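Topology and contacts: notes
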Amino acid sequence: MGKSPSSRGMVAKLLRRLDQYYPNAQCALRFSNPLELLVATILSAQCTDERVNKVTQELFQKYVSAADYAKVDQAELENDIRSTGFYRNKARMIREMCQVLCEKYGGKVPPDMEQLTQLPGIGRKTANVVLGTAFGIPSGIVVDTHVARISRRLGLTQQKTPEKIEQDLMAQIRKDRWILFGHQLIHHGRKVCTARRPRCQECPIADLCPKIGVQK
């Protein structure tokens, strides 16, 4: 792990403070089963969760199983998800992924990191989302743009890539906190610690934060 100004004491205080302000932080994507969350997570790339939830409200009524996605015509699925952006690639990825689910796993989403990341288009971040949120398995810490930004500002990491940031965070955060911690930082990043103009004056963890990289 890279040099970091953070300490065990600071991390313990940070976790207590996050619990105080974001005690029930959850994934913003709406889903009722692992397949729905997997599809929603793919759609969320370069798209707001709010937009994804509007699209999936009808999408999940039309496509109930992996077989439904696997057999649908590419153009039809593209049209159904068009408003999420990058719809051609997303439709192709969803169809190919669901074809593999049907061929290898009986149409079910496997609760296993290695198997998930072997699916077409599925990386570690998406696998972490599905394993943690749908299955309750702490396979790692979801590192999206919010988590990466806040972790660096807090001094929890100096790394730039999601994989290395995740390794630094996993070394400092208890495993039983990995899932909730990711949700909490994402909520904090959306509400307070924004990319361009972080609201440090309103931040509930400002006294713990060295504000690394924040323009003053």
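Structural data are supplied above this passage.
For every chain, the first residue of its written sequence is number 1, and the numbers climb from 1 along that sequence. This being a predicted model, a pLDDT of at least 70 is required before a residue's local features are given, and a value of 80 or more before pairs of side-chain atoms are given or counted; all residues contribute to the totals for chains, interfaces and linings. Side-chain measures were taken over the full set of non-hydrogen atoms in the model, leaving aside hydrogen atoms and water.

Quick look at the overall build of the protein chain
Under the scheme used here, helices are H or I runs from DSSP no shorter than 4 residues and strands are E runs no shorter than 2 residues, and both carry numbers assigned from the N terminus. Counting secondary structure elements, the protein chain contains eleven helices and zero strands. Throughout, the radius of gyration refers to the C-alpha atoms, and the reference size of a globule is 2.2 Å times the residue count to the power 0.38. For 216 residues, the compact-globule formula gives about 17 Å, and the C-alpha radius of gyration of the protein chain, at 18 Å, lands near that figure. Expressed along its principal axes, the backbone C-alpha trace of the protein chain runs to roughly 55 × 30 × 30 Å. Summary of the burial criterion: residues with accessible area below 20% of their type's maximum are buried, those above 50% are exposed, and those between are partly exposed, where the area comes from a 1.4 Å probe applied to protein chains only. In the protein chain, which comprises 216 residues, the share counted as buried stands at 48%. A contact between two residues is defined here by any heavy atoms of the two lying within 4.5 Å. For the protein chain, the share of sequence-separated contacts (at least 6 apart) that also reach a separation of at least 24 residues comes to 61%. On the protein chain, roughly 11600 Å² of surface is accessible, and the fraction owed to carbon and sulfur atoms is 48%. Working convention for charge: Lys and Arg count positive, Asp and Glu count negative, and His plus the chain ends are omitted. The atom standing in for a charge is NZ when the residue is Lys, CZ when it is Arg, CG when it is Asp and CD when it is Glu. Positive and negative side-chain charges in the protein chain, numbering 34 and 21 respectively, have mean positions lying 10 Å apart. Computed with the Shrake-Rupley method and a 1.4 Å probe, the accessible areas treat only the protein chains shown as cover for residues.

Quick word on the layout of surface pockets
In this approach the atoms are scanned with a rolling probe the size of a water molecule, which exposes any empty space left behind. The pocket and cavity definitions rest on a 1 Å grid over protein atoms only: a 1.4 Å probe that fits but cannot leave marks a cavity, an open set with protein on both sides within 12 Å along at least five of seven lines marks a pocket, and residues lining either have an atom within 4 Å of a point. Grid points are joined across faces, edges and corners, and a volume is the space filled by probe spheres set on the points. Taken as a whole, the largest pocket encloses approximately 750 Å³ of empty space. Together, 34 residues line the largest pocket, and Thr 41, Ser 44, Ala 45, Lys 125 and Asp 144 are the ones closest to its centre. Contributing elements (two or more residues each) for the lining of the largest pocket: α2 (34-43), α6 (87-105), α8 (124-134), α9 (145-154) and α11 (178-191). For the lining of the largest pocket, the per-class residue count stands at 15 nonpolar, 13 polar and six charged. Its boundaries defined by the atoms lining it, the second largest pocket holds a volume of some 210 Å³. In this structure, the second largest pocket is lined by twelve residues; those nearest its centre are Arg 8, Val 11, Ala 12, Leu 15 and Gln 172. We call Asp, Glu, Lys and Arg charged. Ala, Val, Leu, Ile, Met, Phe, Trp, Tyr, Cys and Pro are nonpolar, and the rest, Gly among them, are polar.

Quick notes on empty space enclosed by the protein
Applying the stated criterion across every chain, the model contains two cavities of 30 Å³ or more. By volume, the largest cavity amounts to about 120 Å³. Looking at the largest cavity, it is lined by 15 residues, and the ones nearest its centre are His 188, Cys 193, Cys 200, Cys 203 and Cys 209. Among the elements that make up the lining of the largest cavity, the one with the highest residue count is α9 (three residues). Approximately 80 Å³ is the volume found for the second largest cavity. Asn 128, Val 129, Gly 132, Thr 133, Gly 140, Ile 141, Val 142, Trp 178, Ile 179, Gly 182, His 183 and Ile 186 are the residues that line the second largest cavity. Secondary structure elements with two or more residues in the lining of the second largest cavity: α8 and α11. Per-element tally for the lining of the second largest cavity: the top contributor is α11, with five residues. Grouping the amino acids of the lining of the second largest cavity by side-chain chemistry returns six nonpolar, six polar and no charged.

Quick look at the nonpolar core
By convention a nonpolar core is built from buried Ala, Val, Leu, Ile, Met, Phe, Trp, Tyr and Cys residues, the set being connected through side-chain atoms within 4.5 Å. Counting residues in each nonpolar core, the largest one holds 37 residues, and the members touching the most others are Val 39, Leu 59, Tyr 69 and Leu 77. In this view, Leu 59 contacts Val 39, Leu 43, Tyr 69, Leu 77, Asp 80 and Ile 81; residues no more than four positions away in its chain are not counted. Formed by 28 residues, the second largest nonpolar core is a distinct cluster that contains Met 10, Ile 165, Leu 169 and Cys 209.

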